[in-house]
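# Structure at a glance
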Amino acid sequence: HRNSNMGDAVDNEEIKRLIPIVNKLQDAFATMGSTPIDLPQIAVVGGQSSGKSSVLENIVGKSFLPRGSGIVTRRPLVLQLYNSQEEYGEFLHHPNKKWYDFEEICQEIERDTDRVCGSNKNLKNQPINLRVYSPDVLNLTLIDLPGATKVAVGDQPSDIGKQIESMIKFYVSKPNCLILAVTAANTDLANSDAIAIAKEVDPKGERTLGVMTKLDLMDRGTDARGIFTGESQDVPLLKMGYIGVVNRSQADINERKTIQGARDAENAFFEGHPGYADIADRLGTAYLVKKCSNMLLKHIQRVMPELTADLNKLTASKRKELADIGEEDPRRTRMDITEVILSFSDQFKNSIDGKLGENQDLVTELTGGARIEGIFNDVYAPAISEIDILEQLGADEVQTLIRNVSGLGGSLFIPNAAFIALVESNIGRLLDPSLQCVQLVYSELLNIVSDLSSSIPAIDKYPALKTSIIEATNTILREQYMPTADHVKTVVSMEEARVNMHHPDFIGHRENFGKFTQEVEEQCAIGPPPPPPRTGNKAVILEGWVSKKGGGSIVLWQKRYIMLKKDGILSYYKMEGDQEPLGDIVIGGCIVERADALIGKRYAFQLYHRTNDIGKTFFFTCESEQEANDWVSILKEECAKPPMEPETEEDLLASAAMGGRRGSQDGDEEEVVPDTRKRGLTERIHESIHQELGMREKIECEILFRLLISYFEIVKKNVSDMIPKAISYLLIDKLKVKLTSYLINELDSEAKIKQLSAVAPEIAEKRVKLKKTLGLLDDSMQILQDLSHTSF
């Protein structure tokens, strides 16, 4: 009868320390969530009916693995065995609890498997780490993997075979992983799933040990002696050979036969079997454990130089991580905080100036100063450009103004006062979008600071400092906002204060005036050029005047002529009769609804896209309740329609036929004179001038309209240029200059420094983990160096 005390299987106590060290490294890497080093280990591989679980339980000497039909092992089980006088188990996910009841260990394996994988048959590669301390085990580490299968059963996923194979290969394909290939002796070894996978990743059989189970179930008169002695030539060659074991049968398990009783029965089987009696000392669970322990120890010693080099690299990497986080050293705190502040200030200035870092995305979206420049050029400038001095001005109003400022007796020429009064009353309209531009830049600067503070790793380390930076930016911007807004008001007021009629670009300048007035007189004598037909074809569903707001960041109510067409486009124009629209709205899929209460205006409705793909909401107000309801009703109907098919040839011909005619009020058609003259103003102004006024009044209005347009363009150009400059100087540059000094002044006391240097909880936790990992790595390195010259 062989000695069942396996504590003396390895005599060299120094070498026996290697396995616990590797186990500690495994635990450390499991806690880290990654395995940066290929650690020496033994993976147990076998089919679902190979007896793999029984082999593991025989090795441990306890029943502790879940059993059942189908897939029971759905996560890798890292089983770490320690020779100890006390017998208990520990789970890595319950580090402070000892489990003395192995039936409870079995239940906890099932619970944690369900917690991670769910209650169905899903697999997860996240291992369960279990330590077993017992006087009946040797220091050994085994990884139990799911049993290989090819056919899904019950509610198993259809690709379960591939999932299991992928998980097994994840472990056994690593060069430092030894393979324990378990196969039932009463099956054809050539068809063994375990041997097939092992030969695929270890074709020379250098790191695979074959384990034959169920030898007691082989046909009478047959045995596997030749496989164990190496005499059989028709089995896969494994340089580590094959070992036979006899496990508990299902009946033994049902009858709760003890593991010790199973070991005794196993010894009796081999010693009493004629084919195995003379080699019984090289068969059975006791020999398998001793073989595995020595095999793992030799393997660890063989790869020790490589393992030492990998540990050195990992240690250096972890030390760098700890250095990046920084130690809790009060002497360095002020310096670290100051460096972070200076680094942030430099990056903020570089972001504004376009000096972007190497890792910044330069092609996907605008960043930093480019976004602010976009506000100036793509938002503010168009908003100013769209303001029309003649938008709500008719010939009657102009004539009334001219007569009022001429006083008693009238005037031979257009009074300057009429021109100045109209200019001054419209310049104020430039103030609102200019102040909105200040607000947009203000908000964008806050966004830039917030984005930068989130992209610099050193700032994430100090959440209080990050908050302080954002608060400092807010404080400086608030201090600068009113001076900037006041200066913007001053710029607009300066334009109102002096109307410069001697500006060289002004068409009313004395060098330009003679030619200009002659051209106006000639055109008034001819009459207005006819507008091109716009609504004589069936492409237009509804059109009319509304007040519109939306579609941009600068919010203004503007008078617009809108036209809904059958192609699903709502176009809006500055004037009725304009050839090109200011913009088009694709209404397919949009939502249309009344908005009186929402915006506080009567006869209002809004138009927006339900998925926010367009990202804009448009508001409209009409002149009456009926108009608003008509627009909402028709738009709802059209928004629900699919896009219109291209026009047929008949539609195109009909449109072309209508293109040379315009309908008269009584419904008859009349010929339209081709437009051979340059149109000086919009159709609305021309018709108002030529239908209601005499020749002198026509000339006066035409001249005044053109003078107003000319001068107002000069004013808009001045304002569009000066406002961005004022914002850049008073808001952006001041923030760049003040931010660094403001933050440095925050470090005025030790209490403030302590407050700002408080690290984030996750950083503190990471620091503790890194120190613990480094301590483990240092201890491991020391032991490996001590053992580097030790031999068996």
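Scroll up a little and you will see the structure.
These lines cover the structure that appears in this document, whether it is placed above or below. (Residues numbered from 1 in each chain as written. Predicted model: local features only at pLDDT ≥ 70, side-chain atom pairs only at ≥ 80, totals over all residues. Heavy atoms only, no water.)

The subject of this paragraph is the sheet that holds strand β8 (residues 208-213). Here 9 strands make up an open sheet; going across it, the order is β4-β3-β5-β2-β6-β1-β7-β8-β9 and the pairing mixed. Looking at which strands have only one partner, the edges of the open sheet turn out to be β4 (94-99) and β9 (242-244). Each strand axis lies, on average, 25° off the axis of its neighbour in the sheet, ignoring direction. Bridge count between strand β1 (residues 41-46) and strand β6 (residues 140-144): 3 bridges; the pairing is parallel. By the bridge assignment for β6, Val 44 is matched with Asp 144. Contacts between helix α3 (residues 52-60) and the sheet are confined to β1, β2 (77-83), β5 (128-134), β6, β7 (177-184) and β8, with β6 contributing the most and set at about 160° to the helix. (Pairing = 2+ DSSP bridges. Helix = DSSP H or I, 4+ residues; strand = E, 2+ residues; numbered from the N terminus. Axes fitted to C-alpha atoms, helices over the stretch in contact; angles between N-to-C directions. Contact = heavy atoms within 4.5 Å.)

The next point concerns the packing of aromatic side chains. What characterises a pair of aromatic rings is the spacing of the ring centres plus the angle enclosed by the ring planes. On inspection of all chains with the given rule, the structure shows 12 aromatic pairs. Ring geometry for Phe 170 and Tyr 171: centres 5.2 Å apart, planes at 85°, overall edge-to-face. Joined through ring pairs, the aromatic side chains of Tyr 82, Tyr 88, Tyr 100 and Tyr 133 make up one cluster. Lying across the ring of Trp 99, Lys 97 places its NZ or CZ 3.9 Å from the centre. (Phe/Tyr/Trp six-rings, centres within 6.5 Å; stacked < 30°, edge-to-face > 60°. Lys NZ or Arg CZ within 6 Å of the ring centre and 35° of its normal.)

This paragraph deals with the side chain of Thr 740. Position of Thr 740 among the secondary structure elements: in helix α24 (residues 695-745). Among the residues examined, Thr 740 registers a relative accessible area of 17% and is labelled buried. Contact partners of Thr 740, with chain neighbours within four places excluded, come to Ile 341, Leu 342, Ser 345 and Lys 349. (Buried < 20%, exposed > 50% of the residue type's maximum accessible area, 1.4 Å probe, protein only.)

The next point concerns the pattern of salt bridges. With the rule as written, the count across this model stands at 19 salt bridges. Its salt-bridge partner being Glu 87, residue Lys 62 comes within 3.1 Å of it at the nearest N-O pair. Remark: Glu 87 occurs in the loop between β2 and β3 (88-91) and Lys 62 occurs in the loop between α3 and β2; sequence separation between them is 25 residues. The class for Lys 62 is partly exposed, based on a relative accessible area of 26%. According to the relative accessible area criterion, Glu 87 is partly exposed, its value standing at 26%. The salt bridge partner of Glu 90 is Arg 131, with a shortest N-O separation of 2.9 Å. (Salt bridge = Lys/Arg side-chain N within 4 Å of Asp/Glu carboxyl O.)

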